[in-house]
Amino acid sequence: MDEKREQNEITGTVTAVIFRNEENGYTVLRLDTGTVGEVTAVGCIPGITPGETLEAEGRWMKHATYGEQFKVETLRRRMPVGEKAVFEYLSSRAIKGIGARTAKLIVDEFGERALEVIEQQPEQLTRIKGFTPKRAQAVHEAFIQQAGLRLLLDFLSEYKLPLSLAMPLHRRFGNTALDVVRENPYLLTEGDMGVDFSVADGLAIQLGMAGNDPQRVEAGLLFELRHNLNNGHTFLPRRKLLAATSQLLNLEDDSPERALEELLEQGEVIQEQVAGQEACYLLDLYAAEVYVAFRLEEMSTAELKPPRDLDQLLNDIQREQGIAYAPQQEQAVRLAASRQVILLTGGPGTGKTTSLRGVLALFEALGLDTALAAPTGRAAKRLGELCGAEGTTIHRLLETQFDPVTGQLVFAHDQDEPLRCDAVIVDETSMVDLPLMRALLSALRGDCRLVLVGDPDQLPSVGPGNLLSDLLRSGKIPAVRLTEIFRQAAESAIVRTAHAVNHGQPPECDNKASDFFFLRRHDAQRTADTIVDLVARRLPEN
C-alpha cells in the first residue's frame, strides 16, 4: 500500500465537480491535494464548487470502473481565499445569478473581499453596472443559502453524524436547519433521517441538555411508542410506557409522568381505556384505529340487493369453472352478493381459492370492475395466477409516492382521489397492518365492495396491528370461516399437520411424507446449519 492510501485525511482545493446528485447530495469531484497530487473524492458533499478548500476524513477504496477514490465520511469546508480562487468559485455558478462575466466584474471591483461583500454588505454590489438593489439582495440570499448548507455539513462532521442528513434537513428546514437541529436533536430520528435514538440522545447531551429536561423525556416517550410499532403494537399500557422510558433514559424521578401528561395535553399522545388498560397511542395510530373501525362498521351494516337471478348465476359460474361448491363455499359467494364487506377465512386446503374465484366471477357477472390486491408482490402474483386476472400489491394499487419534504411514503389515491374500481379483493389479509388498511379504506368510494381473504393462524403483519384476527374476533363483519378439508388437500401432510396443531394436537414427527418431515438436532449450531443447508441446497435440488 502506497503512502497516499495509508492516510485517512486529505486536504485540497476543488478543481472540478464531475458529478452531483441534487436530490441526495452525492458528489464526485477532483481535489488538488498538493503533496499527493490530484485525487478523486466521493461522498455526500452538496453545494461544493471549484475553488473551495476541503478538509476531509474517510477511507480509500477501489472502484471497479473508476479506480482509486477517497470516500468522504466527515469534512470541513473553507471558502476560497485569494482573487483567483474567489473568481473560480463565483464563475462556477455556485451562487444563483452569477456567471463568469458577472464574477469577473465583482472580483475586479472588490478583489479577494468579494465574498465578504456579498455576505455582509450586499448593497455595495450596486456599484457594479447592472446591479439593482433587488438583484444584489437576491445574490446575497443565494450566498447565505450556500453558507447555511456549509455550516450544516460542518456541524454534522463535528458530531460524527452522517453527511447524508444534510439534504433532507436542508429540504425540510432550509437555512434554519442547523438552528432547528441544535434546538431539537431528536428530530433526527424522524422521517427519512433514520438516526438511532441513542445517537440523537448523545448529541442532545453533548449540546448541554439536562438528563431530565422535558424535551428529552418527551422524546424518550415518543421513541418508545414508535419503537414498539415495529413489534406490532398499536399502543402501550401507560405503566409499561413509563417504566420503559425511565429505563431508557436512566431516570429515577417522576419526570416521565410529567412529560407524558404534557404530551397528552398537547394531543401528541392519546390515552384510552382498552381491555382494562390505560392504553397510550401515538396520535396517528389512534386515528388509524378509529378510522378503520368506523369505516368497516359502516360498510358492514350496508345491505345490498342481490340479483334476482342469483341462483342461476351461481349455477352458471359452477358450470363454467367445472366445479360444484361445498355449502360453505356457496355461502361465501352468496354473502358477497348482498354485503358491502365480507371476511373469507380458513386454514390450508379448505377451498379459499375456489371461493375467491367464485366471488370474482360473480362480480364480473354483475359488471363490477374488480381489483385484486395483496400486501406483497409474491402474494399478488400468486393471487393473479390463481384467479386468471392481474393481481397487484396494495401499495401499487394506491400508487405509492415519496414526499421529499417529509421523507414519508404517501399515496396518490385517498379520499380526495379515490380508486375507480367497484370492488377490491385483498388476499393474505393477515399480513396487512393497520396504517395500510387505513390507506386502502380511505381510497375506496362510498359504494365500493371489499372482500378480505386470509388465514388468521398465519403470522400477523410486521407493522402495527393484528387486523384480520381482531376483525374476526369482533364478530362485527359478515364472515365465512371455511373448515372442510378437501380430499386432494388432505393428502398433504403439511395441511393435515397444520389443522392438527390448530386443534391442539401435536404433529406426527415420525411422518415420512414427501412434503413434511421432522429432523432432530440437539444443539443450536447444528440446527442453524441444517436450516441453511435445507434452504440453500436440499430443498431447491428436490
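Just so you know, these numbers come straight off a predicted model, no measurement behind them. Chains are numbered independently. Their residues run from 1 in the order of the written sequence. Only residues with pLDDT of at least 70 get local features here, since the model is predicted, and only at 80 or more are side-chain atom pairs given and counted; chain-wide, interface and lining totals rely on the full set of residues. Hydrogens and water are ignored here; the side-chain numbers use all heavy atoms of the structure.

Draft legend 1. Representation of the sheet that holds strand β16 (residues 479-482) within the structure. The sheet built from 6 strands is open, its strands ordered β11-β10-β14-β15-β9-β16 with parallel pairing. Taken across any chain shown, the strands that pair with only one partner, and hence form the sheet edges, are β11 (391-393) and β16. Ignoring strand direction, the axes of neighbouring strands in this sheet form an average angle of 20°. Criterion used throughout: strands pair if DSSP finds at least two bridges between them. Secondary structure follows DSSP: runs of H or I at least 4 residues long count as helices, runs of E at least 2 residues long count as strands, and numbering of each begins at the N terminus. Direction of pairing for strand β9 (residues 341-346) relative to β16: parallel, over a ladder of 4 bridges. Its bridge partner being in β16, G346 is matched across the sheet by L482. Inter-axis angles, ranging from 0 to 180 degrees, are taken between N-to-C directions of lines fitted to C-alpha atoms, where helices are fitted over the stretch in contact.

Draft legend 2. Focus on helix α16 (residues 377-387). Only protein chains enter the calculation, and the probe is 1.4 Å; a residue is then buried if its accessible area is under 20% of its type maximum, exposed if over 50%, and partly exposed in between. If you check which residues of α16 are buried, you get A379, A380, L383, G384 and C387. Seen along its axis, α16 keeps its buried residues to an arc of 135°; they face one direction. Among the exposed residues of α16, those oriented more than 90 degrees off its buried face are R378, K381 and E385. On its buried face, α16 is in contact with α15 (352-365), β10 (370-374), β11 and β14 (423-426). By definition, the arc is the one covered by directions from the helix axis to the C-beta atoms. We call two residues in contact whenever any of their non-hydrogen atoms come within 4.5 Å of each other.

Draft legend 3. How the structure looks around the pattern of salt bridges. The salt bridge definition used is simple: a Lys or Arg side-chain nitrogen within 4 Å of an Asp or Glu carboxyl oxygen. Throughout the structure, instances matching the rule amount to 23 salt bridges. The residue R216 makes a salt bridge to D201 at a minimum N-O spacing of 2.7 Å. Separated by 15 residues along the polypeptide, R216 in helix α9 (residues 214-227) and D201 in helix α8 (residues 197-206) bring together distant segments of the chain. Residue class for R216 comes out buried when judged on its relative accessible area of 7%.

Draft legend 4. Quick look at the pairing of strand β3 (residues 38-44). The buried fraction of β3 amounts to 6 of the 7 residues, a majority that puts the element mostly inside the structure. Note: strand β2 (residues 26-32) against β3, 7 bridges, orientation antiparallel. Bridge pairing in β3 links L31 to V39. Between β2 and β3, which pair antiparallel one after the other, the connecting turn spans 5 residues, and G34 there sits at a positive phi close to 80°. Two strands pair when backbone bridges link them, and β3 and strand β5 (residues 67-78) are joined in this way by 2 bridges, in the parallel orientation. Looking across to β5, one finds that V42 is bridged to K71.

Draft legend 5. Here's a closer look at the packing of helix α14 (residues 327-338) against α15. Interhelical geometry of α14 versus α15 gives an angle of 30° and a closest axis separation of 9 Å. Considering how the two elements wind past one another, α14 and α15 form a crossing that is right-handed. The residues of α15 that touch α14, namely those facing Q329, A332, V333, A336 and A337, are T354, S355, G358, V359, L362 and F363. Each residue belonging to the contact of α14 with α15 can be placed in one class, and the counts come to 7 nonpolar, 4 polar and no charged. If you view the pair so one helix is near and one far, a crossing is left-handed when the near helix is turned anticlockwise from the far one by less than a right angle, and right-handed when it is turned clockwise. We call Asp, Glu, Lys and Arg charged. Ala, Val, Leu, Ile, Met, Phe, Trp, Tyr, Cys and Pro are nonpolar, and the rest, Gly among them, are polar.

Draft legend 6. The side chain of E218, seen in detail. Mapped onto the fold, E218 is located in helix α9. The charge count includes Lys and Arg as positive and Asp and Glu as negative, but it does not include His or the ends of the chains. Although E218 lies buried, it forms no salt bridge, and the closest oppositely charged side chain, R258, sits 9.5 Å away as judged by the N-O distance. Leaving out residues up to four positions away in the same chain, E218 has contacts with A259, E262, L263 and Q266.

Draft legend 7. Spatial organisation of the packing of helix α5 (residues 133-158) against helix α6 (residues 166-173). Where α5 meets α6, the axes come as close as 10 Å, and the angle between the chain directions of the two elements is 135°. With respect to each other, α5 and α6 are oriented oblique. In this structure, the crossing between α5 and α6 has a hand that is right-handed. Residues Q145, L149, L152, L153 and L156 of α5 form the contact with α6, whose participating residues are A166, L169 and H170. In terms of residue class, the contact of α5 with α6 is built from 6 nonpolar, 2 polar and no charged. For classification, angles of less than 35 degrees are called roughly parallel, those exceeding 145 degrees roughly antiparallel, those between 65 and 115 degrees roughly perpendicular, and all remaining angles oblique.

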